[in-house]
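Here are the chains, one letter per residue:
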Amino acid sequence: MISETILALVNVCLFVFAYNKFIKFIKKNEEKNKDTWYLINDGKARYKGEWKNGLPNGKGMMEKMKTCDHSNHSICVGNFVNGEMEGIGMQIFDKGEDDDDLTMPYYKGEFKNSKYDGRGEYHWGTGSYYQGEFENGLFHGKGRQYFFTNKCSYTMNHCYGVRTGKSTLLGKYLPCPEGTVNTRGTTAGVLPPMNPSF
(Lines give C-alpha, C1' and ligand atoms only; values in the text may rest on other atoms or scores of the structure.)
Protein backbone atom coordinates (compact mmCIF):
# COMPACT_ATOMS: atom_id res chain seq x y z
CA MET A 1 0.00 0.00 0.00
CA ILE A 2 2.78 2.44 0.91
CA SER A 3 4.78 1.52 -2.20
CA GLU A 4 1.70 2.19 -4.39
CA THR A 5 1.26 5.62 -2.75
CA ILE A 6 4.94 6.46 -3.27
CA LEU A 7 4.74 5.28 -6.89
CA ALA A 8 1.63 7.42 -7.48
CA LEU A 9 3.35 10.42 -5.88
CA VAL A 10 6.45 9.93 -8.06
CA ASN A 11 4.23 9.72 -11.17
CA VAL A 12 2.47 12.97 -10.23
CA CYS A 13 5.81 14.72 -9.65
CA LEU A 14 7.13 13.48 -13.01
CA PHE A 15 3.97 14.66 -14.75
CA VAL A 16 4.18 18.14 -13.16
CA PHE A 17 7.88 18.39 -14.04
CA ALA A 18 7.28 17.34 -17.67
CA TYR A 19 4.26 19.67 -17.97
CA ASN A 20 6.27 22.67 -16.71
CA LYS A 21 9.11 21.88 -19.15
CA PHE A 22 6.57 21.64 -21.99
CA ILE A 23 4.97 25.00 -21.10
CA LYS A 24 8.41 26.69 -20.99
CA PHE A 25 9.26 25.19 -24.38
CA ILE A 26 5.97 26.41 -25.89
CA LYS A 27 6.43 29.95 -24.49
CA LYS A 28 10.02 30.10 -25.76
CA ASN A 29 9.12 28.91 -29.25
CA GLU A 30 5.74 30.53 -29.71
CA GLU A 31 5.26 32.43 -32.94
CA LYS A 32 5.51 36.16 -32.31
CA ASN A 33 4.04 38.87 -34.48
CA LYS A 34 6.90 40.98 -35.87
CA ASP A 35 4.68 44.10 -35.80
CA THR A 36 3.87 43.86 -32.07
CA TRP A 37 5.94 45.21 -29.15
CA TYR A 38 6.96 42.55 -26.58
CA LEU A 39 8.58 43.20 -23.19
CA ILE A 40 11.96 41.48 -22.80
CA ASN A 41 14.86 41.43 -20.35
CA ASP A 42 12.62 41.44 -17.29
CA GLY A 43 10.73 44.51 -18.53
CA LYS A 44 13.89 46.63 -19.01
CA ALA A 45 13.34 46.72 -22.77
CA ARG A 46 10.74 46.05 -25.43
CA TYR A 47 11.28 44.69 -28.93
CA LYS A 48 9.42 44.67 -32.22
CA GLY A 49 10.75 42.67 -35.16
CA GLU A 50 11.82 39.21 -36.25
CA TRP A 51 12.26 36.36 -33.74
CA LYS A 52 13.99 32.98 -33.54
CA ASN A 53 13.87 30.56 -30.58
CA GLY A 54 12.16 33.18 -28.42
CA LEU A 55 14.89 35.80 -28.95
CA PRO A 56 15.13 38.89 -31.16
CA ASN A 57 16.73 37.62 -34.36
CA GLY A 58 16.78 39.48 -37.68
CA LYS A 59 15.66 43.02 -38.42
CA GLY A 60 14.05 44.81 -35.52
CA MET A 61 13.77 47.72 -33.11
CA MET A 62 14.53 47.60 -29.39
CA GLU A 63 13.61 50.30 -26.90
CA LYS A 64 15.66 50.32 -23.71
CA MET A 65 13.53 51.73 -20.90
CA LYS A 66 14.75 54.38 -18.49
CA THR A 67 15.38 52.59 -15.18
CA CYS A 68 17.14 53.27 -11.89
CA ASP A 69 20.25 51.25 -12.78
CA HIS A 70 20.41 52.47 -16.43
CA SER A 71 19.26 56.08 -16.63
CA ASN A 72 19.57 56.43 -20.42
CA HIS A 73 16.52 55.73 -22.52
CA SER A 74 17.47 54.68 -26.04
CA ILE A 75 16.13 53.05 -29.19
CA CYS A 76 18.21 50.62 -31.27
CA VAL A 77 17.32 49.84 -34.88
CA GLY A 78 19.15 47.22 -36.90
CA ASN A 79 19.96 43.54 -37.05
CA PHE A 80 19.78 41.21 -34.04
CA VAL A 81 21.30 37.76 -33.56
CA ASN A 82 20.25 35.72 -30.50
CA GLY A 83 18.96 38.86 -28.77
CA GLU A 84 22.08 40.98 -29.40
CA MET A 85 22.67 43.82 -31.88
CA GLU A 86 24.95 42.57 -34.68
CA GLY A 87 26.17 44.25 -37.86
CA ILE A 88 25.05 47.68 -39.02
CA GLY A 89 22.63 49.56 -36.77
CA MET A 90 21.79 52.76 -34.97
CA GLN A 91 21.22 53.72 -31.32
CA ILE A 92 19.40 56.98 -30.53
CA PHE A 93 19.42 58.50 -27.03
CA ASP A 94 17.04 61.00 -25.42
CA LYS A 95 18.21 64.60 -25.26
CA GLY A 96 19.73 65.45 -21.91
CA GLU A 97 17.36 67.34 -19.61
CA ASP A 98 19.94 69.79 -18.30
CA ASP A 99 22.52 69.45 -21.10
CA ASP A 100 23.25 71.84 -23.91
CA ASP A 101 21.98 69.23 -26.37
CA LEU A 102 20.58 70.75 -29.53
CA THR A 103 19.63 67.37 -30.96
CA MET A 104 19.34 63.80 -29.75
CA PRO A 105 22.72 62.06 -29.33
CA TYR A 106 23.14 58.94 -31.49
CA TYR A 107 25.52 56.27 -32.73
CA LYS A 108 25.41 54.72 -36.18
CA GLY A 109 27.74 52.02 -37.36
CA GLU A 110 28.76 48.48 -36.59
CA PHE A 111 27.69 46.47 -33.53
CA LYS A 112 28.99 43.22 -32.07
CA ASN A 113 27.23 41.62 -29.07
CA SER A 114 25.24 44.87 -28.57
CA LYS A 115 28.42 46.96 -28.28
CA TYR A 116 29.87 49.48 -30.72
CA ASP A 117 32.49 47.50 -32.59
CA GLY A 118 34.04 48.28 -36.00
CA ARG A 119 33.53 51.50 -38.01
CA GLY A 120 31.01 54.00 -36.72
CA GLU A 121 30.25 57.51 -35.62
CA TYR A 122 28.99 58.90 -32.33
CA HIS A 123 27.20 62.27 -32.38
CA TRP A 124 26.75 64.18 -29.14
CA GLY A 125 23.63 66.33 -29.07
CA THR A 126 25.84 69.44 -28.98
CA GLY A 127 26.96 69.16 -32.60
CA SER A 128 30.32 67.56 -31.80
CA TYR A 129 31.02 64.07 -33.15
CA TYR A 130 33.56 61.28 -33.47
CA GLN A 131 34.00 59.16 -36.61
CA GLY A 132 36.29 56.17 -36.57
CA GLU A 133 36.95 52.78 -35.12
CA PHE A 134 35.37 51.22 -32.03
CA GLU A 135 36.05 48.01 -30.15
CA ASN A 136 34.04 46.48 -27.32
CA GLY A 137 32.05 49.71 -26.90
CA LEU A 138 35.06 52.05 -26.75
CA PHE A 139 36.95 54.32 -29.16
CA HIS A 140 39.75 52.09 -30.45
CA GLY A 141 42.03 52.70 -33.42
CA LYS A 142 42.05 55.64 -35.83
CA GLY A 143 39.38 58.32 -35.68
CA ARG A 144 38.44 61.91 -36.29
CA GLN A 145 36.77 64.13 -33.73
CA TYR A 146 35.00 67.41 -34.49
CA PHE A 147 34.35 69.97 -31.76
CA PHE A 148 31.32 72.11 -32.62
CA THR A 149 31.98 74.96 -30.18
CA ASN A 150 35.44 75.78 -31.63
CA LYS A 151 34.90 74.37 -35.14
CA CYS A 152 38.03 72.22 -34.64
CA SER A 153 38.61 68.83 -36.19
CA TYR A 154 41.38 66.43 -35.14
CA THR A 155 42.60 63.03 -36.25
CA MET A 156 43.61 60.84 -33.35
CA ASN A 157 44.27 57.30 -32.17
CA HIS A 158 42.66 55.53 -29.22
CA CYS A 159 43.48 52.35 -27.36
CA TYR A 160 40.36 51.02 -25.61
CA GLY A 161 38.93 54.46 -24.89
CA VAL A 162 42.18 56.28 -24.07
CA ARG A 163 43.62 58.72 -26.60
CA THR A 164 47.19 57.78 -27.52
CA GLY A 165 49.94 59.59 -29.42
CA LYS A 166 49.56 63.04 -30.92
CA SER A 167 46.36 64.49 -32.32
CA THR A 168 46.58 66.32 -35.64
CA LEU A 169 44.58 69.49 -36.28
CA LEU A 170 42.84 69.41 -39.67
CA GLY A 171 42.25 72.50 -41.83
CA LYS A 172 42.32 76.16 -40.88
CA TYR A 173 40.21 76.69 -37.79
CA LEU A 174 40.21 78.85 -34.70
CA PRO A 175 42.80 77.84 -32.07
CA CYS A 176 41.56 74.82 -30.15
CA PRO A 177 41.95 74.29 -26.42
CA GLU A 178 43.89 71.23 -25.33
CA GLY A 179 41.18 69.90 -23.02
CA THR A 180 41.54 66.96 -20.68
CA VAL A 181 40.94 63.36 -21.56
CA ASN A 182 38.33 61.60 -19.45
CA THR A 183 38.02 57.85 -18.94
CA ARG A 184 36.14 57.50 -22.23
CA GLY A 185 39.03 59.15 -24.09
CA THR A 186 37.04 62.16 -25.28
CA THR A 187 37.08 65.89 -24.66
CA ALA A 188 33.68 66.61 -26.18
CA GLY A 189 31.71 65.25 -23.25
CA VAL A 190 31.00 61.95 -21.58
CA LEU A 191 29.29 59.30 -23.68
CA PRO A 192 26.18 57.51 -22.50
CA PRO A 193 26.93 53.86 -21.65
CA MET A 194 28.55 52.50 -24.80
CA ASN A 195 27.58 48.91 -24.05
CA PRO A 196 23.79 48.94 -24.16
CA SER A 197 23.34 45.82 -21.98
CA PHE A 198 20.09 44.54 -23.44
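Since the structure is predicted, the reported quantities are computational estimates derived from the model, not experimental observations.

**A short note on the overall build of the protein chain**
Helix and strand counts for the protein chain stand at one helix and eleven strands. Each helix and strand of the protein chain, placed in order from N terminus to C terminus, yields the pattern α-β-β-β-β-β-β-β-β-β-β-β. Of all 198 residues assigned to the protein chain, the portion counted as buried reaches 33%. A separation of at least 24 residues holds for 24% of the contacts in the protein chain among residues at least 6 apart in sequence. For the protein chain, the computed accessible surface area is about 12300 Å², with 57% contributed by carbon and sulfur atoms.

**Digging into unusual backbone geometry**
Positive phi values are uncommon outside glycine, yet Asn41 reaches one of about 50°. Mapped onto the secondary structure, Asn41 falls in the loop between strand 1 (38-40) and strand 2 (45-52). Phi is positive for Ser114, which is not a glycine, with a value near 65°. Mapped onto the fold, Ser114 is located in the loop between strand 6 (106-112) and strand 7 (115-123).

**Regarding the packing of aromatic side chains**
Counted by the stated rule, this structure contains 15 aromatic pairs. The interplanar angle of 80° and the centroid separation of 5.1 Å between the aromatic rings of Tyr47 and Phe80 together place this pair among those described as edge-to-face. Residue Tyr47 is found in strand 2, and its partner Phe80 is found in strand 4 (residues 74-81); the two are separated by 33 residues along the sequence. Plain terms: the ring middles of Phe93 and Tyr122 are 6.4 Å apart, the flat faces sit at 55° to each other, and that makes the pair tilted. With Phe93 in strand 5 (residues 84-93) and Tyr122 in strand 7, the pair connects residues that are 29 residues apart, well separated along the chain. The burial state of Phe93 is the same as that of Tyr122; both residues are buried. An aromatic cluster is defined as three or more aromatic residues linked by ring pairs; in this entry it consists of Tyr107, Phe111, Tyr116, Tyr130, Phe134 and Phe139.

**Quick notes on the nonpolar core**
Ranked by size, the top nonpolar core spans 17 residues in total, and within it Ile40, Tyr47, Met62, Tyr107, Tyr116, Tyr122 and Phe134 carry the most contacts. Within the residue set of this core, elements represented by two or more residues are strand 2, strand 4, strand 5, strand 6, strand 7 and strand 8 (129-135). Of the residues forming this core, the biggest block, three residues, is contributed by strand 2.

**What about the side chain of Ser114?**
For Ser114, a relative accessible area of 2% puts it in the buried group. A distance of 2.6 Å separates polar atoms of two side chains, one belonging to Ser114 and the other to Glu84.

**What about the confidence of the model for the protein chain?**
Per-residue confidence for the protein chain gives a mean pLDDT of 77, with 67% of residues at or over 70. Contacts from residues 172-198, a stretch scored under 50 in pLDDT, to residues over four places away or in other chains number 75 contacts.

**Topic: the sheet that holds strand 6**
Across the sheet, which stays open at both edges, the eleven strands sit in the order 1-2-3-4-5-6-7-8-9-10-11 with antiparallel pairing between neighbours. Two strands bound the open sheet, and with one partner strand each, they are strand 1 and strand 11 (162-169). Taken over all neighbouring pairs, the strand axes of this sheet differ in orientation by 20° on average, direction set aside. Sheet topology note: the strand 7/strand 8 ladder contains six bridges and is antiparallel. Looking at strand 8, one finds that Gly120 is bridged to Gly132.

Calculation rules
Residues numbered from 1 in each chain as written. Predicted model: local features only at pLDDT ≥ 70, side-chain atom pairs only at ≥ 80, totals over all residues. Heavy atoms only, no water. Helix = DSSP H or I, 4+ residues; strand = E, 2+ residues; numbered from the N terminus. Buried < 20%, exposed > 50% of the residue type's maximum accessible area, 1.4 Å probe, protein only. Contact = heavy atoms within 4.5 Å. Areas by Shrake-Rupley, 256 points an atom, 1.4 Å probe, with all protein chains shown as cover. Phe/Tyr/Trp six-rings, centres within 6.5 Å; stacked < 30°, edge-to-face > 60°. Core = buried A, V, L, I, M, F, W, Y, C linked by side-chain atoms within 4.5 Å. Polar contact = N/O pair within 3.5 Å; in protein donor to acceptor, adjacent residues only side chain to side chain. pLDDT = per-residue confidence, 0-100. Pairing = 2+ DSSP bridges. Axes fitted to C-alpha atoms, helices over the stretch in contact; angles between N-to-C directions.

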